[in-house]
Amino acid sequence: MKKFYLGAFAGLSMLALTSNAIALESVVIGGVEASRIVIAPPQNPLATTIRQGLRDAIEAAPEGSRAETDARQLYYFYGARHFEPLWLTEDENGTIAFSAQAQDVMDLFENAYLQGLDPKDYLTEDLDVKAAAGDPQALAALEGAFSAAMLRYAQDAHSGRLDPRTVSGYIDIAPKRIDETTLFDALAASDDPAAILMGYHPTHREFVALRELLAKHYAGEIEAPVVIDDGKLLRPGMTDLRVPALRERLGIAPPEDETLPPDLYDETLVAAVEAFQGEIGLNVDGVVGPATVAALNGANGATIADIVANMERWRWMPEDLGTFNVLVNVPEFRLDVMRDGQSAWNTRVIVGTARNQTPIFSDMIRHVVTNPYWNVPSSILRNEVIPRVLSNPGYIASQNMELLYGGRAVDPWSVDWTEANPNQFRVRQRPGRSNALGQVKFLFPNSHDVYLHDTNARGLFARSMRALSHGCVRVQDPFAFAEALLEHEPDLTVAALQNTLGGSERWFNMERQVPVHLAYFTLRVGEDATVRSYGDIYGHNARVIEMLGMER
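Please read all numbers here as calculations on a predicted model, not as lab measurements. Every chain is numbered on its own, with residues counted from 1 as its sequence reads. It should be noted that, the model being predicted, local features are given only for residues of pLDDT at least 70 and side-chain atom pairs only at 80 or more, the latter also being counted only at that level, while totals for whole chains, interfaces and linings use all residues. The side-chain figures draw on all heavy atoms in the structure; neither hydrogens nor water molecules are used.

Looking at this model, I keep getting lost on the nonpolar core. Mind explaining?
A general trend in soluble globular proteins is that nonpolar side chains are found buried together. Formed by 88 residues in total, the largest nonpolar core has its most connected members in Val326, Leu335, Ile365, Leu452 and Phe481. Sort the elements by how many residues they give to this core and helix α14 (residues 304–316) lands first, with 7 residues. Non-local contacts of Phe481, meaning those with residues more than four positions away in its chain, are made with Val326, Leu335, Val337, Trp345, Ile365, Phe442, Leu452 and Val475. Nonpolar core, defined: a set of buried Ala, Val, Leu, Ile, Met, Phe, Trp, Tyr and Cys residues in which side-chain atoms within 4.5 Å join the residues together. To sort residues, take the accessible area from a 1.4 Å probe on protein chains only and compare it with the maximum for the residue type: under 20% means buried, over 50% means exposed, and anything in between is partly exposed. Only DSSP runs of H or I reaching four residues or more are called helices, and only runs of E reaching two or more are called strands; each is numbered from the N terminus. In this analysis, two residues are considered to be in contact whenever any of their non-hydrogen atoms come within 4.5 Å of each other.

The structure is reproduced here in structure tokens:
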């Protein structure tokens, strides 16, 4: 016979430990006095059934297993309630059914698709009252199954259905975990458990806006999309099969001159594209490339799967982004300094290529460094620098770099590269005009060794497609960014930073560390409800859709 000792249940909820349904009884085991939990007898027949079923579940579980632990916790949770069921009721005729509160939760499960979730994950086969009637263990299992379904819902609502790290090795976000005891105590004490579960969804403005957009899709309020297909760059004067769809999307009539090809990208359509590019914040060049196509598709081109995938990624974000924070949306090639949920300042950025992706994670900006050294990452050193040094040791000096061995600078011409192990060397680029980091960098120390920084190749910001770096984020106007970032630093100003330029490397510590979020959203919803769509440059969006089992 298994005994139920308090020491094995240190994680019991406060509700259980303070309930008059539980008492401690002294027992002697092997000559040693110990305490045993005593559960008060149930006060109605259904509670007796639940109690017996939960005891049977404990006896049936392998001793020492997780199943036994879960069954014991459930036993004491219900014991604190005199085994009164939370989700089942019994009428005067002995008919058992879900309570009104439980039915509200069932309705919530049925409508989970409106929250970007899948009803099948919660409306499982074991939630069958009729099948469990008259079977004590089945009724107890039904109570447990319903509780488990609510736990799954709360967990999915709070942190998403996927472990972000399984989507890509470049996504470094650990799933958030909810406190089960807090959840079940709240559910047990509430007259509206469905509202408790709804409270686990994110409250970020854009998540809520995406949820509203999803509801419009399901309600049929959004017309069938006019989707512009991907293809080669479309320049003024070219012909392309996508031109008629482009005209329809922008509301431009075909040319009146019937001698012109219907798929000609003419001046009238170019002007409409340029106007759109200006409104959306793209380069106004009239060229229809990947960024313009993604933006043109926008809300109408955003499928239900796209919306759900972006909602999933919002669930991965910290619950509290910080009242003052930096948000870098990688597919958008944009950085925003956010104050109270609104963009206070923004600029263009350059992010990593598909081969050298910018990782997705959150951290805290702690330091500003002027005249930075660039410590060449090991991947670049191994794949790009060392091969050139092997054929020409003078390459190091030509790039204003220095070769380090054991922390000391050495002359690359003095190294016998036929015998040396390249992995024992480091390379860094000295401060100066040619430095890849430019004049300033903003540090949030992390295992990926990425950060925000200036660049010596500012002309690249003129491009619409800006996935061009080795993983770090290049900022178009770093000192304007510094001014926005240092708003709460009375002793650290942009003037103070600029006064150090041209000298040796200088580090400045920030008194108020600022949250920074490197995020990946292919859909953004503005405060005016305008929906903008961006290219899936790393394929994360497509991978999330695939893993969620959805169709595009």
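What's the story with the side chain of Ser147 in this structure? I'm lost.
Checked against the element boundaries, Ser147 lands in helix α6 (residues 136–159). Side-chain polar atoms of Ser147 contact the side chain of Trp87, separated by 3.1 Å. Ignoring any residue separated from it by four or fewer positions in sequence, one finds Ser147 in contact with Tyr78, Trp87 and Phe184. We call two N or O atoms a polar contact when they sit within 3.5 Å, provided that within protein one can donate a hydrogen and the other can accept it, with sequence-adjacent residues counted only if both atoms are side-chain atoms.

Even after reading the chapter, I still don't get the sheet that holds strand β9 (residues 374–375), so can you show me in this structure?
To summarise the sheet geometry, strands pair through backbone hydrogen bonds and adopt either a parallel or an antiparallel arrangement. Sheet architecture is open: 4 strands sit in the order β9-β12-β10-β11, paired in antiparallel fashion. Edge positions in the sheet fall to β9 and β11 (408–410), since each has one partner strand and no second. DSSP calls a pair of strands paired once it identifies at least 2 bridges connecting them. Two strands pair when backbone bridges link them, and strand β10 (residues 401–405) and strand β12 (residues 425–429) are joined in this way by 5 bridges, in the antiparallel orientation. Bridge pairing links Leu403 to Val427 in β12.

Just to check I follow, could you spell out the pattern of salt bridges for this structure?
Where charged atoms from two side chains of opposite charge approach closely, those side chains can pair. Here, a salt bridge means any side-chain nitrogen of Lys or Arg that lies within 4 Å of a carboxyl oxygen of Asp or Glu. Here the structure, examined in full by the defined rule, presents 16 salt bridges. With its nearest N and O atoms 2.6 Å apart, the salt bridge here joins Arg339 to Glu487. Of this pair, Arg339 sits in strand β6 (residues 334–339) while Glu487 is found in the loop between α17 (478–485) and α18 (494–498), placing the two residues 148 residues apart along the sequence. We classify Glu487 as partly exposed; its relative accessible area is 38%. Through salt bridges with shared partners, one network takes in Arg205, Glu206, Glu332, Arg334, Asp336 and Arg524.

Would you mind going over the packing of helix α11 (residues 243–250) against helix α12 (residues 267–280) with me for this structure?
Geometrically, a packed helix pair is captured by the angle between its two axes and the distance between the axes. Look at α11 against α12: their axes get within 11 Å of each other, and the N-to-C directions meet at 55°. Here α11 lies oblique to α12, going by the angle between them. The chirality of how α11 crosses α12 is left-handed. Here Val243, Leu246, Arg247, Arg249 and Leu250 of α11 lie close against α12, whose contacting residues are Leu269, Ala272, Val273 and Phe276. Put simply, Ala, Val, Leu, Ile, Met, Phe, Trp, Tyr, Cys and Pro go in the nonpolar bin, Asp, Glu, Lys and Arg in the charged bin, and everything else, Gly too, in the polar bin. Its residues assigned to classes, the contact of α11 with α12 shows 7 nonpolar, no polar and 2 charged. To define axes, lines are fitted to C-alpha atoms, for helices over the stretch in contact only, and angles between the resulting N-to-C directions are given on a 0 to 180 degree scale. What sets the label is the angle itself: under 35 degrees gives roughly parallel, over 145 gives roughly antiparallel, 65 to 115 gives roughly perpendicular, and the rest give oblique. Should the near helix be turned counterclockwise from the far one by less than a right angle, the crossing is left-handed, whereas a clockwise turn marks it as right-handed.

Quick question: what am I supposed to make of helix α19 (residues 540–547) here?
Residues spaced three or four apart along an α-helix face the same direction, because each turn holds 3.6 residues. Of the residues making up α19, those classed as buried are His540, Asn541, Val544 and Ile545. Projection of α19 onto a plane perpendicular to its axis shows the buried side chains occupying an angular sector of 135°, all on one side. Considering only its buried residues, α19 is in contact with α7 (164–167) and α14. Downstream of α19 by one or two residues, Gly549 has phi in the positive range, about 75°. Arc, as used here, means the arc of the directions from the helix axis to the C-beta atoms.

Hey, could you run me through the environment of Asp477 in this one?
Following the sequence through the fold, Asp477 ends up in the loop between β16 (473–475) and α17. On the basis of relative accessible area, Asp477 is assigned to the partly exposed category, the value being 38%. Once the C-alpha coordinates of Asp477 and Thr347 are considered, the two residues, 130 residues apart in sequence, prove to be 7.0 Å apart. Once residues within four sequence positions are removed from consideration, Asp477 is found in contact with Trp345 and Thr347.

Can you walk me through the side chain of Asn446 in this structure?
Mapped onto the secondary structure, Asn446 falls in the loop between β13 (440–443) and β14 (452–453). Within the structure, the side chain of Asn446 is placed 2.9 Å from the backbone nitrogen of His448, a separation counted as a polar contact. At a separation of 2.9 Å, a polar atom in the side chain of Asn446 contacts the main-chain amide nitrogen of Asp449.

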